Amino acid sequence: MSVDPRRVIVDVANVSKHFGEGDARVDALKDIDLAVHAGEVVALLGPSGSGKTTLLNVIGCIIDPSAGKVTLDDELVYDNRWLRSDLRKLRLDKIGFIFQFHNLLPFLDAKDNVALVLKLAGKSATEAQRRALELLDYLEVGHRKDSMPALLSGGEAQRVAIARALANSPRIILADEPTAALDSKRAGIVMDLLRKLAAEQDACIIAVTHDEKIYDRFDKLFHLRDGRLDGGDMA
Amino acid sequence: MNLAYRDVRHNLFRFVLTCLGLSLLMAVVLAMIGIYNGLVSDALNIVKAPQVDLWVVESGTQGPFAEASKLPGGTRDAVARLHGVVAAGSITYQTVEAPFRGDTLRLYLIGYEPGRPGGPDVVSQGRGIEQSHFEIVADVKSGLSIGDVIRLGRNPFTVVGLVEDTTNSGGDPAAFITLRDAQVLQTQLAPAAQRVQEARGAGLLESQDSVAAVIARLKPNADPQAVAQTVQQWKHLTALTQADQESILLLSVVDRAKRQIGLFLGILLTVSAVVIALIIYTMTMEKLKQIATLKLIGAPDRTIIGLIVQQSLALGAVGWSFGLILILLVKDYFPRRVVLEPINAAALAGIILVVCIAASGLGVRAALKVDPATAIGG
């Protein structure tokens, strides 16, 4: 699969987000501009309350921006055409999420946690199972396919979560502290894996992190301070 | 991939425990329905037992069950001669308490004339009354066995037969004796009181030849209403058809108990609905993070609603089934008869279905309000 580094997958233009009104108004994001290209792995850095998670939520079609435009894989979102169910479908088709604490469904085994996304996307049960096993094998957790999440180690659970995020071949992967629950060795392995997958799937990865040990695994580091984005330092 | 089933399987022990609790509640609801049915059935059994078409009672009364009624013994002959009457018999009813094996046995005594209407319909063990005196046929619930001797008044009676499902509306087991024995029992004084009466020269307080009612079987083509109207021409008598008698019994004797149990049943169903709603709501609240994750990865609302509603229905179905099995296993140990008809179980299933769907609405509302953003971050 060839990577076209010039193609913008996530385009955030003049995005602002505030919560509350009057004296209670909090400006979480102020005139954010961000462009992430295919195959790029970028980090959002900043202290707590700087707006990292809010920006991730806006890009992930979870909360609406107060102003500005967001274009995801050539689709302009938040322009009144989109219903909440449409945004959920957009998330299913184009965005994969990786969480700090893996958030696997505790009542499904590793294989079905991955297959669920494919089933929701309309794939047949057989196709969903086949692709889930393929991904788990690729991420070297295929031998744990029948294990429940509670029985997986932190690293295994995070790899299953990555498999779930990749299951539907999304163009955008949003990761919230993807290595926070892992030791430095496993954190490096997970980041290398994400880089490899971004390149192979022509996807971009935007990760919120505080983990300085993995800064060198990112193509660009963006700093958020008081809702403003500085950025694009090369790691 | 059924998420509701997977979640239940994952938390099977807790789900089964919850179902068990709910099933106990369902068993109590079914028991109340069964007790109510038993009450009605017992009351009607006594009226239906003689298999007659007409009840002739004292004028102005609704006897002999709803009110006391007293007729001269000779009334039977007059009724038997009426056009359309095939057979008539005199009958008395009284409740007695008799010492038996160191305990007190409460019996609903029916005095009848052997060979005439009023006796037991089917004797399940032993035989019917063949002697003129001191034989008794009792309901099995009395605990009496064939050959047992029980003292009623001054005389010992021998149990010669047993019948089933013959109790009065109060749940007292019925026992049949001859009319003569019943009349003596009603009027005979204790020896000391008898001596006082004789010393006063008063003799017996009242005539022994009185009965509670005269019952009559009619020819197949006879109109009970027409025969009843004929009887009413005698000013000292009132005639009630079998349907009238059943209606009086249900309205006057059973009605208060029926309303009491009905109210209690309503409270139980309300409590069940609240309990189911709370269980479903709690189950949903425990899954909020998972529901947020499902929303975040793009699961449509119908998937989330399905998860909650299916679990709610499963809870209701299992609770109802266990409850039904439980009550069927223990119903014969209740002091009162518990009668459950398939329609009762089906009606409760329908109510539980509605309650479960309504109760899951609370959980669904909570689930749909979950912000998918809560899945992001710790």
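The rules we used
- Residues numbered from 1 in each chain as written.
- Chains lettered and ligands numbered in written order.
- Predicted model: local features only at pLDDT ≥ 70, side-chain atom pairs only at ≥ 80, totals over all residues.
- Heavy atoms only, no water.
- Patch = residues over 30% accessible without salt bridge, like charges linked within 9 Å, V, L, I, M, F, W, Y side chains within 5 Å.
- Areas by Shrake-Rupley, 256 points an atom, 1.4 Å probe, with all protein chains shown as cover.
- Salt bridge = Lys/Arg side-chain N within 4 Å of Asp/Glu carboxyl O.
- Helix = DSSP H or I, 4+ residues; strand = E, 2+ residues; numbered from the N terminus.
- Pairing = 2+ DSSP bridges.
- Axes fitted to C-alpha atoms, helices over the stretch in contact; angles between N-to-C directions.
- Expected span 1.5 Å × (residues − 1).
- Buried < 20%, exposed > 50% of the residue type's maximum accessible area, 1.4 Å probe, protein only.
- Contact = heavy atoms within 4.5 Å.
- Buried area = accessible area lost by both parts, 1.4 Å probe.
- Polar contact = N/O pair within 3.5 Å; in protein donor to acceptor, adjacent residues only side chain to side chain.

Asker: Describe a nonpolar patch on the surface, listing the residues and the values that go with them.
Answerer: Residues and elements named next belong to chain B. A grouping of Leu-12, Phe-13, Val-16, Leu-17, Leu-20, Leu-24, Phe-322, Ile-325, Leu-326, Leu-329, Val-330 and Tyr-333 is seen on the molecular surface, where their side chains present a nonpolar patch of about 1,200 Å² in accessible area. At the level of elements, helix H2 (12-48) and helix H10 (301-330) are the ones that each hand at least two residues to the nonpolar patch. Considering each element in turn, the nonpolar patch owes the most residues, six residues, to H2. In this structure, Val-16 sits in helix H2.

Asker: Explain the sheet that holds strand E5 (residues 75-77) of chain A to me, using residue names and the numbers behind them.
Answerer: Residue and element names in this part refer to chain A. Ordered by their spatial adjacency, four strands build an open sheet running E2-E1-E4-E5, and the pairing between neighbours is antiparallel. Edge positions in the sheet fall to strand E2 (26-37) and E5, since each of these pairs with one other strand and no more. Here the strands of the sheet are splayed against their neighbours by 20° on average, with no regard to which way each runs. Across eight bridges, the pairing between strand E1 (residues 8-19) and E2 is antiparallel.

Asker: Any chance you could break down helix H5 (residues 154-166) of chain A for me, citing the residues and the numbers?
Answerer: Taking 1.5 Å of rise per residue, the 13 residues of H5(A) would be expected to cover 18 Å, and the 18 Å separating its terminal C-alpha atoms lies within 8% of that figure. Summarising burial for H5(A): 12 of the 13 residues are buried, a large majority. Among the residues of H5(A), Gly155(A), Glu156(A), Ala157(A), Gln158(A), Arg159(A), Val160(A), Ala161(A), Ile162(A), Ala163(A), Arg164(A), Ala165(A) and Leu166(A) are the ones counted as buried. Buried residues along H5(A) sit against strand E6 (95-98), helix H3 (110-120), helix H4 (125-138), strand E7 (172-176) and helix H6 (184-201) of chain A together with helix H9 (288-296) of chain B.

Asker: Please provide a residue-by-residue account of the interface of chain A and chain B, values included.
Answerer: Contacts between the two partners involve 24 residues from chain A, matched on the other side by 25 residues from chain B. The contact between chain A and chain B buries some 2,300 Å² in all, and 69% of this surface belongs to carbon and sulfur atoms. When the buried surface of chain A facing chain B is broken down by residue, Arg88(A), Phe107(A) and Leu120(A) rank first, second and third, together holding 30% of it. Counting the contacts that link chain A with chain B gives two salt bridges. Here chain A is connected to chain B by seven residue pairs in polar contact (both at pLDDT 80 or more). Broken down by secondary-structure element, the contributors of at least two residues to the side of chain A that touches chain B are helix H1 (52-59), helix H2 (84-94) and H3 of chain A. Residue contributions to the side of chain A that touches chain B peak at six residues, all from H3(A).

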